[in-house]
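# Chain and residue survey
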Amino acid sequence: MSTFNDIDLECAQCGEEFIGTVWVAIHAGQDPKLKDLLRGGELNLVSCPECGLAAFQERFLIYQDPAAELVAYVYPESQRRQEPELRKLMMSGFREAQAAFPEKDRLSYDPMLFFGLAELIELLRKEDSFAEQSQIAQVLCRQNQVDTLVLLPSQARRLHTVRVIPRLGKGKAPGRQDILKGIDRLLELDPVLDHYVKLKETILADPAWAL
Ligand SMILES: [Zn+2]
């Protein structure tokens, strides 16, 4: 569920005191409009009713998107120096909350820590770009009989890459060489898929690379 707080604000330009609405929890699945506002850089941008000055209200916010397997704890940029303590606090709070659920309902991925909404927005935009190329790859591979493996969102995020992985070979879990050959096939079909070029470079640079 998404929630907001009404908080007392004072305009930095004209001194007007007013009550502003600040979002403190966002559920992207239930409220896609809030996700759009966030992505557009307009979330928690509050305007003074007197002079119109718009200012960001930085508050702690929890962002969750179950379909993307993402839980983000976003602290104000000014708290970055407290990162080690906040990370500990986040993990213990998260584990405690998860322990209250039956095992089958617990999340299989960890929350992520951010400082400032800009960091979270950057991740969302990067994942949009990954998703776009994944879709193109999916279509090209289907048309050209190249098998693909679709990673879980949290797995692709951990590997900093696309979710659709082209592969050769028949084994259930493709090895490094099967994936490299699959990417080569895909890049023959469309050489400008730069996230796949980058993934290939990452795999080549790491002989121990595995899914
Ligand atoms: Zn004002």
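Residues numbered from 1 in each chain as written. Predicted model: local features only at pLDDT ≥ 70, side-chain atom pairs only at ≥ 80, totals over all residues.

What follows concerns the confidence of the model for the protein chain. Across the protein chain, the average pLDDT comes to 95, with 100% of residues at or above 70. The lowest-confidence element of the protein chain is strand β4 (residues 54-56), averaging 93 in pLDDT; the highest-confidence one is strand β7 (residues 112-115), averaging 98. (pLDDT = per-residue confidence, 0-100. Helix = DSSP H or I, 4+ residues; strand = E, 2+ residues; numbered from the N terminus.)

Take the sheet that holds β7 next. Taken in spatial order, the five strands line up as β1-β2-β5-β6-β7 in an open sheet, and their pairing is mixed. Of all strands in the sheet, those bounded by a partner on one side alone are β1 (3-10) and β7. Between one strand and the next, the sheet's axes are offset by a mean angle of 30°, whatever the strand orientation. With five bridges connecting them, strand β5 (residues 61-65) and strand β6 (residues 70-75) associate as antiparallel partners. Paired with Leu 61 across the bridge in β6 is Val 74. (Pairing = 2+ DSSP bridges. Axes fitted to C-alpha atoms, helices over the stretch in contact; angles between N-to-C directions.)

Interhelical geometry of helix α5 (residues 176-189) versus helix α6 (residues 194-205) gives an angle of 150° and a closest axis separation of 10 Å. The orientation of α5 relative to α6 falls into the category roughly antiparallel. For the element pair α5 and α6, the recorded crossing hand is left-handed. Across from Arg 176, Ile 179, Leu 180, Ile 183, Leu 186 and Leu 187 in α5, the residues of α6 making contact are Tyr 196, Val 197, Leu 199, Lys 200 and Ile 203. Grouping the amino acids of the contact of α5 with α6 by side-chain chemistry returns nine nonpolar, no polar and two charged. (Parallel < 35°, antiparallel > 145°, perpendicular 65-115°, else oblique. Left-handed = near helix turned anticlockwise from the far one by under 90°. Contact = placed C-beta atoms within 7 Å. Nonpolar A, V, L, I, M, F, W, Y, C, P; charged D, E, K, R; others polar.)

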